[in-house]
Amino acid sequence: MKTIRIGTRESKLAIWQAEWVKDSLTSIYPGIDCVLVPKKTKGDKIPDIPLPKIGDKGFFTEELEQALLTGEIDLAVHSLKDLPVELPQGLSIAAYGERHDPRDVFFGKEGLPLAELPAGSMIGTSSLRRQCQLKYQRADLNFCDLRGNLDTRWDKLQNSRDMAGIVLAAAGALRLGWQDRITEFLAEDVVLPAVGQGIIAIETASHRTEIRQILQPLNHRPSELAGRAERSFLRSLGGGCQTPIAALAKVQEDRIQVTGMVAGMDGKNILKVTAEGFDPEQTGADAAAQIKCLGANNLLKEIQG
Ligand SMILES: NCc1[nH]cc(CCC(=O)O)c1CC(=O)O
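What you see is a predicted model; the values in this text were computed from it and never measured.

## Notes on the site of the ligand
Taken together, Ser79, Lys81, Asp82, Leu168, Ala169, Ala171, Gly172, Gln197 and Gly198 make up the full set of residues near the ligand. Among the elements of the structure, strand S8 (163–169) and helix H7 (170–175) are those that each provide at least two residues to the shell around the ligand. Each residue belonging to the shell around the ligand can be placed in one class, and the counts come to 3 nonpolar, 4 polar and 2 charged. Residues from two domains meet in the shell around the ligand; each of domain 1 (1–97 + 199–219) and domain 2 (104–186) gives at least three.

## Describing the pairing of strand S3 (residues 75–79)
Burial runs high along S3: 5 of the 5 residues are buried. Residue alternation in S3 divides its side chains into two sets, Leu75, Val77 and Ser79 and Ala76 and His78, and both sets are buried. Relative to S3, strand S1 (residues 4–8) runs parallel, the two being bridged by 2 bridges. Of the residues in S3, the one forming a bridge with Ile6 is Leu75.

## Considering the nonpolar core
Residues Ile166, Phe233, Leu237, Ala247, Ala249, Val258 and Val262 are the most contacted members of the largest nonpolar core, which totals 50 residues. When residues of this core are assigned to domains, at least three map to each of domain 2 (104–186) and domain 3 (220–305). Non-local contacts of Val258, meaning those with residues more than four positions away in its chain, are made with Ala229, Glu230, Phe233, Ala247, Ala249, Thr274, Ala275, Thr283, Gly284 and Ala287. Membership of the second largest hydrophobic core comes to 26 residues, among which are Ile6, Leu68, Leu80 and Ala201.

## Notes on the environment of Leu117
Looking at the element boundaries, Leu117 is found in the loop between strand S5 (104–108) and strand S6 (122–124). Judged by C-beta crowding, with 19 C-beta atoms within 10 Å, Leu117 ranks as partly exposed. Put simply, Leu117 and Lys292 are 175 residues apart on the chain and 35 Å apart in space, counted from C-alpha to C-alpha. Each residue touching Leu117, except ones within four places of it in the same chain, is listed here: Leu112, Ala164 and Gly165.

## Structural notes on helix H4 (residues 62–70)
Residues Leu64, Glu65 and Leu68 constitute the buried set of H4. Down the axis of H4, the buried side of the element spans an arc of 100 degrees, and every buried residue falls inside it. Looking at the packing, one finds that the buried side of H4 touches S1, S3, strand S4 (91–96) and strand S10 (200–205). Gly71 lies just past H4 and shows a positive phi near 85 degrees.

What counts and how
Residues numbered from 1 in each chain as written. Predicted model: local features only at pLDDT ≥ 70, side-chain atom pairs only at ≥ 80, totals over all residues. Near = placed C-beta within 6 Å. Helix = DSSP H or I, 4+ residues; strand = E, 2+ residues; numbered from the N terminus. Nonpolar A, V, L, I, M, F, W, Y, C, P; charged D, E, K, R; others polar. Domains from an automatic or database assignment. Buried ≥ 20, exposed ≤ 12 C-beta atoms within 10 Å, placed from the backbone. Pairing = 2+ DSSP bridges. Core = buried A, V, L, I, M, F, W, Y, C linked by C-beta atoms within 7 Å. Contact = placed C-beta atoms within 7 Å. Arc of directions from axis to C-beta.

Remember, this is a structural readout, not a statement about activity or role.
Written as structure tokens, this is what we have:
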């Protein structure tokens, strides 16, 4: 094959992820030639509107998926977390990278941990999943929207008089080399991570068998099973990335254990279930069926209006 064109967003995190794919491919196939093709997505062009207001279908992925469909790029690198659960006709995930730390992390202003924040402190995060779970721990906390790429969010924290801290994904922070900035890791039984968090997904046109074959060595089977189980949970609940839904799957020798969570907006209700099995889609769907029995649909209805 001639040059492999790797589609990516333009943020530092996206470029890091695309470079990781490029470096992995070049080390496996020394003669291979790869170029990054950076693209702006809608999510990059409209950085200031809070996400829950614009809907989330493909907000960070649509332009890349268009370029896959026209053949302008051979593959697109995404954070699995940003990829809608339903992919456009003709596209599919060819490889799941080995998962990095799936947890969320807290960055306190001047290094102050969550537990030491004064009553009523303001936390910057646009994620309802993070807001609801933190509120459940500490009903006094307040939240403000915080969007933009990771650098922007960090700068907003430094320059804000109101914000006491922000919450980000550990995976993104660590990829940017921010380990020394992290105040604390949030345990997964306190803040369950987003579906797919920490996993890099490589998407291609489904009919491009040659490129899909080339990507096979980058696929990490346990991360694939975990990602598929978590996405099946989310899909079964009809959720996008802007609902207070979380899931984290652990995989041991092909056995999948998925924990799923749905939260109420008032911070008073958290539903959690665990399902086990060998088939990722079935296990995720089982967890979703269980949590619906506990009344998840009522909580989600409150949010969708
Ligand atoms: N929503 C943006 C986004 N998409 C993926 C990551 C982190 C990287 C990953 O989960 O693999 C982030 C940043 C964040 O939520 O802090």
